[in-house]
Amino acid sequence: GAELPPERLRRTEPRAQRLKSHQETTLTMAASMLIVEDEEGVPREVAVAVQQIVPKIQRDLNCLADPDRQTRRKGLLRLKGVVLEGKSGKPSSAYPKEVLASLFTQHLQGPLLKLFADASENCRETSLQLVHTFVSLVLDETAAGQGSCFARLGAVAFPAVAKRIGVNQAEAEPTEEIRLLHIRLVTTLLMKPSVVTALENESVSHAVNQSIAKSLLDSFPDIKRECAASIRALVKTAPNVARAEGDVLLRNLVANLGHQHSKTRQLTLQGLGQLVVCYAEPPAAGATSAGAGAAPTDAAEAMEPADRTSLFNKLMDDVVIPGLHKCVVDHSAQVRHTIARMLSFLLRARPEKTSALEKFEPTLLTMLVTLSTDLTDEVTGVAEDCLAAVATHCLTNNNVAAVAGATGNETELTRYVGSMVPQMIPALISTTGHWTVTERCKALDTLAAVIKVCDGGVWDAATKMAFGGGGGAAA
């Protein structure tokens, strides 16, 4: 009945259990001695934890390069089961996020990116989902040893994505759901500030623009909508990259204003407003393709300021303005609501964001006044609020000419619109002779709204300026 000593107890354990315990002890000792050269700044405990995981998944990592697609698929699913929770798809709670992040950057990133072009649809989709999950939920550029995680990933991920969705349709990813995952990954990466370092490479920035430009022409509506989000993220993170091929992005984006789904048209307008303001402003002196920095890119050096202004004005006259005119009379009230806010954003871009839109202010203001005559109360209300905001901004920040005939008691809106009437009226008068009844009625309604805003002496003085004399009676 006496208890056995500890050494006798260990001998009574099953041999397999003793062997497993010995292996784990050996792995722990080996891991503690490893120094990860390519992950400077990673805490020692994180590096040790990663090296304890690697032997457990090494076989599955090897399977990802196996010639047999079933072997690749099963290995990938087993890896997914290690790093993600089974049902929720969230990062595994078995490991700290710092450990999962380091495991991804050191061991998973390269093999997963190679699977983007795999012959198996399941492997392509699962690898994209895994990378997207790590980018959005695991990687943290503020964590120790992860400061350049997004820059390093973007440098290889953007070209890999471009090979699948930034090419001719005949060679592109055939599955639309996977193409959507690609462009979502682009958007998510572009939302990370540190990825700007990767975009300083011209081939990487071209890959981003190429991917977005081609995807804007995709037949899948969800991809078109995601592209609008990609453009907003690109403009915010790396404006000079957006300017580098902004003409192509603008043309393809405006083409989606005619899409049959109103939601697609709404999101397109949101992306278009951001891109127009960004593209209107030339790159700052000494700017890189991504942002401010060293020498300008070849594209920036090749185009003279006068040529750039001419190109922008032509794009506005031939592409953007006609597209916006169609949205002003769009059959969807939500689209008209969105364009009212977009027009307000464009009119308030001067002088903080750009002064290149000054030439188009009368046209943009006319469209906003037209929306204030809308038959839907919601659209009319937001258009009137936008007009008031534009008037306040322009009178405060811009050099608005004094209005002849003003008594000093006029509202800000009257003073602002009155200063723009000489430039607005000729186009409006011309449109009242349009060959379609709808356009003639809209022009007359807008003209009536302008007269109402500029009631009294301001209207008389403004129309005399517009027509060089007694034009008020003619109008």
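Conventions adopted
Residues numbered from 1 in each chain as written. Predicted model: local features only at pLDDT ≥ 70, side-chain atom pairs only at ≥ 80, totals over all residues. Heavy atoms only, no water. 1 Å grid on protein atoms, 1.4 Å probe; cavity = no way out; pocket = protein on both sides within 12 Å on 5 of 7 lines; lining within 4 Å. Points joined across faces, edges and corners; volume = space filled by probe spheres on them. Helix = DSSP H or I, 4+ residues; strand = E, 2+ residues; numbered from the N terminus. Nonpolar A, V, L, I, M, F, W, Y, C, P; charged D, E, K, R; others polar. Salt bridge = Lys/Arg side-chain N within 4 Å of Asp/Glu carboxyl O. Buried < 20%, exposed > 50% of the residue type's maximum accessible area, 1.4 Å probe, protein only. Contact = heavy atoms within 4.5 Å. Phe/Tyr/Trp six-rings, centres within 6.5 Å; stacked < 30°, edge-to-face > 60°. Lys NZ or Arg CZ within 6 Å of the ring centre and 35° of its normal.

Colleague: For this particular structure, what's the right way to read empty space enclosed by the protein?
Modeller: By rolling a water-sized probe across the atoms, one finds the places where empty space is left. The full count for this structure, using the stated rule, is two cavities of 30 Å³ or more. Taken as a whole, the second largest cavity holds about 40 Å³ of empty space. Around the second largest cavity sit Leu64, Leu79, Val83, Leu108, Leu112 and Leu130, which together line it. Counting residues per element, the ones that place at least two in the lining of the second largest cavity are helix H4 (69–83) and helix H5 (97–114). Residues that form the lining of the second largest cavity fall into these classes: six nonpolar, no polar and no charged.

Colleague: Please explain the layout of surface pockets as it appears in this structure.
Modeller: Of the voids in this model, the largest pocket is the one considered here, and its volume is about 500 Å³. In terms of lining, the largest pocket is formed by 22 residues, of which the most central are His325, Thr363, Thr366, Met367 and Thr431. Grouping the constituent residues of the lining of the largest pocket by class yields nine nonpolar, eight polar and five charged.

Colleague: What should I look at first to understand the pattern of salt bridges in this one?
Modeller: Side chains that differ in charge, positive against negative, can pair when their charged atoms come close. Counted according to the given criterion, the structure contains twelve salt bridges. Measuring nitrogen to oxygen at the nearest pair gives 2.6 Å for the salt bridge that ties Asp218 to Arg179. Of the two residues, Asp218 is situated in the loop between helix H10 (202–216) and helix H11 (221–237) and Arg179 in helix H8 (residues 176–190); the sequence distance between them amounts to 39 residues. Of the residues examined, Asp218 reaches a relative accessible area of 4% and is grouped as buried.

Colleague: Help me out: how do you make sense of unusual backbone geometry in this one?
Modeller: A negative phi angle characterises most non-glycine residues, just as the trans form characterises most peptide bonds. Cis geometry is adopted by the peptide bond preceding Pro351, which originates at Arg350 and carries an omega value of 5 degrees. Tracing the backbone through its elements, the reader meets Pro351 in the loop between helix H17 (333–347) and helix H18 (361–371).

Colleague: I tried to follow the environment of Leu272 on my own but got confused; where do I start?
Modeller: Relative to the helices and strands, Leu272 is located in helix H14 (residues 262–280). The class of Leu272 is buried, set by a relative accessible area of 0%. For Leu272 and Leu253, which are 19 residues apart along the polypeptide, the C-alpha to C-alpha distance reads 6.7 Å. Residue contacts for Leu272: discarding those within four places in its chain leaves Leu250, Leu253, Val254, Leu257, Leu324 and Met342.

Colleague: How do you make sense of the packing of aromatic side chains when you look at a structure like this?
Modeller: The geometry of an aromatic ring pair comes down to the distance between the two centres and the angle between the two planes. Per the counting criterion, the structure on display carries three aromatic pairs. A ring pair is formed by Phe104 and Phe134, whose centres lie 4.6 Å apart and whose planes are at 20 degrees; its orientation type is stacked. Here Phe134 lies in helix H6 (residues 121–138) and Phe104 lies in helix H5, a separation of 30 residues in the sequence. The exposure class of Phe104 is buried, given its relative accessible area of 0%. Residue Phe134 is classed as buried on the basis of its relative accessible area of 1%. An aromatic cluster of three or more residues is present, and its members are Tyr279, Phe312 and Phe360. For the cation-ring pair, Arg308 lies above Tyr279, with the distance from its terminal atom to the ring centre recorded as 4.7 Å.

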